[in-house]
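Remarks on the overall topology
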Amino acid sequence: FSSIKFKLMFYQILDIIKNMDFKMDYNYLQYLNLPFEDWPDFDIQWDLTEKNFHFCFDNYTEKLFMNKFPHGIQIGKAKLSEITSNVANESVYNLEEIYESGRGDIIAQIIEFWVKKSKMTPPFIDVSPNDKSRILISGGNHRLAVCISKNEKEIPFLIEKDRKNEISKIIKSIKWNN
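What you are looking at is a predicted structure, and each value in this text was computed from that prediction instead of being measured.

Brief notes about the pairing of strand β1 (residues 73-79)
- Of all seven residues making up β1, five are buried, and the element is well covered by its neighbours.
- Relative to strand β4 (residues 154-160), β1 is paired through seven bridges, and the arrangement is antiparallel. Bridging from a neighbouring strand, Lys79 pairs with Glu154 of β4.

Rendered as structure tokens:
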């Protein structure tokens, strides 16, 4: 591969890129690592649509989600304080910890999502494998951190239907959707 051919190919690729219409939205960057007191006003809106439940996990397709949970998903709602007081240590849901871990970009994207009045799937919880008397936030730690910061009183969450009795023993304030 000659140097001249490489340069020619490089400039052709640059020309293609230059003419592409990128519509990337980086508005969320304005909220990156922003202290809570500087957050814009927004309401937390949840998407309880079954076909969108797979979005509670990163990189899950609808098919993968359905295969992983063949017995279905149950929606519950409970006091946020009771949820957080029963979370096992392995779940990270603290805003400061998330910022320190370098994942403030996810918080910023969540804020931007809700500022735009979009809906998000609720967190997914399960029984902690290390302590059956505690819960684990399997998906949605960042959404939970935003809810805690916003001082939400109650939040919905998703669980595997087979875990309903176990979760009910841990979180007493649960109201189950049919």
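Text resumes after the structure shown.
Digging into the packing of helix α5 (residues 104-115) against helix α6 (residues 141-149)
- One can describe the packing of α5 onto α6 by two numbers: an axis separation of 9 Å at closest approach and a directional angle of 65 degrees. With respect to α6, the element α5 is oriented roughly perpendicular. α5 and α6 meet at a crossing whose hand is right-handed. Residues Ile106, Ile107, Ile110 and Trp114 of α5 touch α6, and the partners they reach there are His142, Arg143, Ala145 and Val146.

So, the nonpolar core
- With 35 residues, the main nonpolar core has Trp39, Ile107, Ile135, Ile167 and Ile171 as its most contacted residues.
- Those elements giving two or more residues to this core turn out to be α3 (80-85), α4 (95-100), α5, β2 (124-127), β3 (135-139), α6, β4 and α7 (164-170).
- Among the elements that line this core, the one with the most residues is α5, at five residues.
- When near neighbours in sequence (up to four residues on either side) are disregarded, Ile167 contacts Ile125, Asp126, Val127, Ile135, Phe157, Ile159, Ile174 and Trp176.
- Counting residues in each nonpolar core, the second largest holds nine residues, with Phe53, Cys56, Phe65 and Leu158 among its members.

Notes on the environment of Pro123
- Here Pro123 shows up in the loop between α5 and β2.
- Exposure remark for Pro123: the relative accessible area of 1% places this residue in the buried category.
- Sequence separation between Pro123 and Phe57 is 66 residues; the distance between their C-alpha atoms is 8.5 Å.
- Discounting chain neighbours no more than four positions away, the residues touching Pro123 are Trp46, Ile137, Gly139, Gly140, Arg143, Ile155, Pro156, Phe157 and Leu158.

What to know about the packing of aromatic side chains
- Summed over the entire model, instances satisfying the criterion amount to eleven aromatic pairs.
- On the numbers, 6.1 Å between centres and 75 degrees between planes, the contact of Phe157 with Trp176 is edge-to-face. Within this pair, whereas Phe157 is found in strand β4, its partner Trp176 is found in strand β5 (residues 175-176), the two being separated by 19 residues in sequence.
- Overall, the relative accessible area of 1% leaves Phe157 in the buried class.

Rules behind the numbers
- Residues numbered from 1 in each chain as written.
- Predicted model: local features only at pLDDT ≥ 70, side-chain atom pairs only at ≥ 80, totals over all residues.
- Heavy atoms only, no water.
- Buried < 20%, exposed > 50% of the residue type's maximum accessible area, 1.4 Å probe, protein only.
- Helix = DSSP H or I, 4+ residues; strand = E, 2+ residues; numbered from the N terminus.
- Pairing = 2+ DSSP bridges.
- Axes fitted to C-alpha atoms, helices over the stretch in contact; angles between N-to-C directions.
- Parallel < 35°, antiparallel > 145°, perpendicular 65-115°, else oblique.
- Left-handed = near helix turned anticlockwise from the far one by under 90°.
- Contact = heavy atoms within 4.5 Å.
- Core = buried A, V, L, I, M, F, W, Y, C linked by side-chain atoms within 4.5 Å.
- Phe/Tyr/Trp six-rings, centres within 6.5 Å; stacked < 30°, edge-to-face > 60°.

Everything listed is a geometric property; what it means functionally is a separate question.
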